[in-house]
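What follows is the residue order along each chain.
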Amino acid sequence: MVRSNTCRPPCCCGRSLLFAHLKQHLLERIPAAVWTLLISELHSAYRRCFLSPAWLDHRVMGCGNTKVLPEASKKGYVSVVQSLVAFSKAHVMMSRTSMQRREELHGFPPVLKISNLHQTDSSRYSERDDSRTESQSIRTSLIHVYDIKALIGRGSFSRVVRVEHRATRQPFAIKMMEVEGPEGREVCASELAVLQRVSHSHVIQLIEVFQFPQRVYMVLELATGGELLDRVVSRGHFTERDATQALRMVLAGVAYLHNLGITHRDLKPENLLYYHPGADSRLLVTDFGLATFGGTWSEVSSGDHSGAETWSLRTTCGTPEYMAPEVLLSRPYSCAVDMWALGVIAYIVLSGSMPFEDDSRTRLYRSIVRGKYSFHGDPWPSVSNLAKDFIHRLLPLDPASRLSADQALRHPWVSTMAASSSMKNLHRSISQNLRQRASRSSSRCPSSNESSADSTNVGLGKLISLEGNQEQQQGRASGPHPARGASTPSN
Ligand SMILES: Nc1ncnc2c1ncn2[C@@H]1O[C@H](COP(=O)(O)OP(=O)(O)OP(=O)(O)O)[C@@H](O)[C@H]1O
């Protein structure tokens with residue numbers, strides 16, 4: 001039987017039969033308007049990806065990061081790509097209506113687009129000209145859609161800019177992340193893996209993603225209300241009731257994350273942003289660069305501490321002052337580490353001072369693993385016992401004894417919004433303590449070795465050997481102390 005390339009259906013040619021089938025059953029059923037829409041989308045996607053001159057060619061990165069990062073894996077670029085591929089699948093699976101329904105449910109501001117992925121194939125770049133070509137693609141794809149207004153912040157691997165959507169004039173934030181190095185890549189992959197799955201009124205919302213071989217651009221809802229502690233200071237009046245209002249919002253966001261099996265691992269006041277400057281603003285949990293899946297609360301409360309399956313997280317990471325003792329001791333840990341950090345945050349919000357603080361990292365870690373903190377000094381004599389009880393229940397050394405986020409929301413101090421506490425204005429002492437602390441830390445050199453992640457590791461090494469000796473001496477069963485470095489599983 002001879003197969004002709006020019007034959008018309010119906011005929012013997014399989015390809016023609018397929019076309020005939022498509023035409024009859026698919027093409028003719030799709031209205032012309034949908035085709036027009038599809039073609040215009042394809043056209044604008046093409047323009048976004050392939051036309052361009054240069055934009056935002058900054059080599060990013062701030063200095064003086066005090067965060068302890070997980071060991072970067074050797075997986076390389078693929079980890080980001082995998083996240084993004086998963087992300088695009090999630091996008092395809094999420095219909096506009098279901099997204100809108102979720103927005104209504106959680107009171108999100110209307111967003112222009114459903115979460116979206118714009119991916120540029122790295123194979124299109126040669127090693128020599130990749131940087132220039134990339135910045136050209138960036139200009140086309142991003143600048144075409146968003147008008148860049150101002151730089152609003154810097155992270156260790158990122159810059160955050162305020163942008164305006166050209167068509168709708170809606171403001172957004174774009175977090176630009178360098179993904180060339182393994183650490184930036186890991187942080188970006190973690191952040192995307194989590195952000196693509198979350199949708200809650202107290203968690204920052206991802207809108208869309210632009211991906212290039214060297215940089216990833218996350219379009220996020222814009223939080224313009226400032227950080228938690230800045231607002232405490234700027235209010236001029238702050239009571240326990242105000243503290244419970246803020247903590248309730250954070251707890252709601254954290255309970256949502258924990259119920260999804262997500263552990264944030266870097267909760268601190270700087271990562272809690274108000275959505276707008278008004279008094280009724282939502283407070284948002286942001287910065288998911290260290291977030292991970294695993295260590296859910298049901299696993300914690302089962303009391304089975306026997307193995308890595310229940311206490312599945314082991315990577316030592318976080319911001320030193322907020323790190324839970326089990327993290328510092330390199331023991332398997334769970335989402336209870338976030339509850340410890342919330343205890344530290346509650347302490348700071350009520351007093352402007354830190355429960356654990358020391359210029360020496362080793363001494364700081366030692367006081368954390370001993371759970372040594374006090375309610376001495378102003379304004380603690382004016383703070384209710386119920387508020388102190390709330391903090392005590394978030395800062396026990398034993399993670400299984402800590403309140404879960406859901407339990408914390410039901411603690412009488414929080415659930416009654418400090419109704420039985422005095423309504424004393426704590427503002428003066430809080431801002432005084434915060435000011436003192438700020439001047440102390442500015443007098444220290446931010447790029448000193450003491451504040452670097454490396455020195456943190458040295459401090460941890462000393463601490464771990466110290467605790468190991470103590471445990472041996474006391475004859476206690478010691479938890480696993482995996483060596484830091486390549487052998488530490490990275491979750
Ligand atoms: N969606 C947003 N809206 C407004 N500001 C934001 C938003 N996301 C981040 N920022 C601000 O941008 C700055 C950098 O944020 P980013 O999350 O990149 O850094 P970071 O992770 O806090 O820094 P590091 O990596 O050192 O921990 C912060 O000051 C933060 O307040």
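As annotated in an unreviewed UniProt entry, the chain carries the name Protein kinase domain-containing protein and is attributed to Dissostichus mawsoni. Turning to the chain, the UniProt record has this under Sequence similarities (unreviewed entry): "Belongs to the protein kinase superfamily."

S.K.: Hey, could you go over the overall build of the chain for me, with residue numbers and the actual values?
M.R.: Secondary structure summary: the chain contains 17 helices and ten strands in total. A buried classification covers 40% of the 491 residues belonging to the chain. Contacts in the chain between residues far apart in sequence, at least 24 positions, make up 73% of those at least 6 positions apart.

S.K.: So what about the packing of helix α7 (residues 228-235) against helix α16 (residues 427-443)? Which residues, and what values?
M.R.: Viewed as axis vectors pointing N to C, α7 and α16 meet at an angle of 130 degrees, and their least axial separation amounts to 9 Å. On the basis of their axis angle, the class for α7 and α16 is oblique. Handedness of the crossing formed by α7 with α16: left-handed. Within the contact between the two elements, α7 uses L229, V232, V233 and R235 and α16 uses H427, I430, S431 and L434. Classifying every residue of the contact of α7 with α16 by side-chain character gives five nonpolar, two polar and one charged.

S.K.: Before we move on, could you go through the site of the ligand and cite the residues and values that matter?
M.R.: Taken together, 21 residues lie near the ligand, and G153, G155, S158, V160 and A173 sit nearest. Among the elements of the structure, β2 (146-154), β3 (158-165) and β4 (171-178) are those that each provide at least two residues to the shell around the ligand. No other element matches β2, which puts three residues into the shell around the ligand. Residues of the shell around the ligand, tallied by class, amount to nine nonpolar, seven polar and five charged. Residue-level mapping places the shell around the ligand at the junction of two domains, with at least three residues from each of domain 1 (138-222) and domain 2 (226-295 + 318-442).

S.K.: With reference to specific residues and values, describe the nonpolar core.
M.R.: With 103 residues, the main nonpolar core has I174, V250, A346, V349 and L394 as its most contacted residues. When residues in this core are grouped by element, the largest group, 13 residues, is from helix α11 (residues 336-351). Both domain 1 (138-222) and domain 2 (226-295 + 318-442) contribute no fewer than three residues apiece to this core.

S.K.: Tell me about unusual backbone geometry, and name the residues and values.
M.R.: A negative phi holds for most residues other than glycine; trans holds for most peptide bonds. Note that the residue after D378, namely P379, is joined by a cis bond; omega there is 0 degrees. For P379, the location among the structural elements is in the loop between α12 (361-369) and α13 (385-394). Positive phi outside glycine occurs at D287, with the angle close to 65 degrees. Among the structural elements, D287 can be located in the loop between β9 (283-285) and β10 (292-293).

S.K.: Break down the environment of R428 for me, with residues and values.
M.R.: Following the sequence through the fold, R428 ends up in helix α16. The exposure class of R428 is partly exposed, given the 14 C-beta atoms found within 10 Å.

S.K.: Just give me the short version of helix α6 (residues 182-195), but keep the residues and values in it.
M.R.: The terminal C-alpha atoms of α6, which comprises 14 residues, lie 20 Å apart, in line with the 20 Å expected from a rise of 1.5 Å per residue. The buried fraction of α6 is high, at twelve of 14 residues. Listing the buried residues of α6 in full gives G184, R185, E186, V187, C188, A189, S190, E191, L192, A193, V194 and L195.

S.K.: Mind laying out the pairing of strand β6 (residues 215-221), listing which residues take part and the relevant values?
M.R.: Most of β6 sits inside the fold, with seven of its seven residues counted as buried. Note that β4 and β6 share seven bridges and pair antiparallel. By the bridge assignment, K175 is partnered in β6 with M218. Connecting strand β5 (residues 206-211) to the antiparallel partner β6 that follows it, the hairpin turn spans three residues.

S.K.: So, the confidence of the model for the chain: which residues are in play, and what are the values?
M.R.: Mean pLDDT over the chain: 72, with 59% of residues reaching 70 or higher. For residues 299-310, every residue scores under 50 in pLDDT, and the model assigns this stretch 15 contacts once sequence neighbours within four places are set aside. Of the regions scoring below 50 in pLDDT, residues 447-491 engages in 66 contacts with residues more than four places distant in sequence or in other chains. As a predicted assembly, this complex carries a pTM of 0.71 together with an ipTM value of 0.97.

S.K.: Tell me what's going on with the environment of Q245, and back it up with residues and numbers.
M.R.: Of note, Q245 is situated in helix α8 (residues 240-259). Classification of Q245 by C-beta neighbours within 10 Å gives partly exposed; the count is 16. Separated by 172 residues in sequence, Q245 and M417 have C-alpha atoms that sit 6.9 Å apart.

S.K.: Residue-level account of the UniProt feature "binding site: ATP" (unreviewed entry) in the chain, with values.
M.R.: UniProt tags K175 as "binding site: ATP" (unreviewed entry). Take K175: it is sitting in strand β4. On the neighbour-count criterion, K175 (25 C-beta atoms within 10 Å) is buried. Once you skip the residues sitting within four places of it in the chain, K175 turns out to touch S158, V160, M218 and L220.

Scoring rules and cut-offs
Residues numbered from 1 in each chain as written. Predicted model: local features only at pLDDT ≥ 70, side-chain atom pairs only at ≥ 80, totals over all residues. UniProt positions renumbered as here; feature names shortened; annotations may be inferred. Helix = DSSP H or I, 4+ residues; strand = E, 2+ residues; numbered from the N terminus. Buried ≥ 20, exposed ≤ 12 C-beta atoms within 10 Å, placed from the backbone. Contact = placed C-beta atoms within 7 Å. Axes fitted to C-alpha atoms, helices over the stretch in contact; angles between N-to-C directions. Parallel < 35°, antiparallel > 145°, perpendicular 65-115°, else oblique. Left-handed = near helix turned anticlockwise from the far one by under 90°. Nonpolar A, V, L, I, M, F, W, Y, C, P; charged D, E, K, R; others polar. Near = placed C-beta within 6 Å. Domains from an automatic or database assignment. Core = buried A, V, L, I, M, F, W, Y, C linked by C-beta atoms within 7 Å. Expected span 1.5 Å × (residues − 1). Pairing = 2+ DSSP bridges. pLDDT = per-residue confidence, 0-100.

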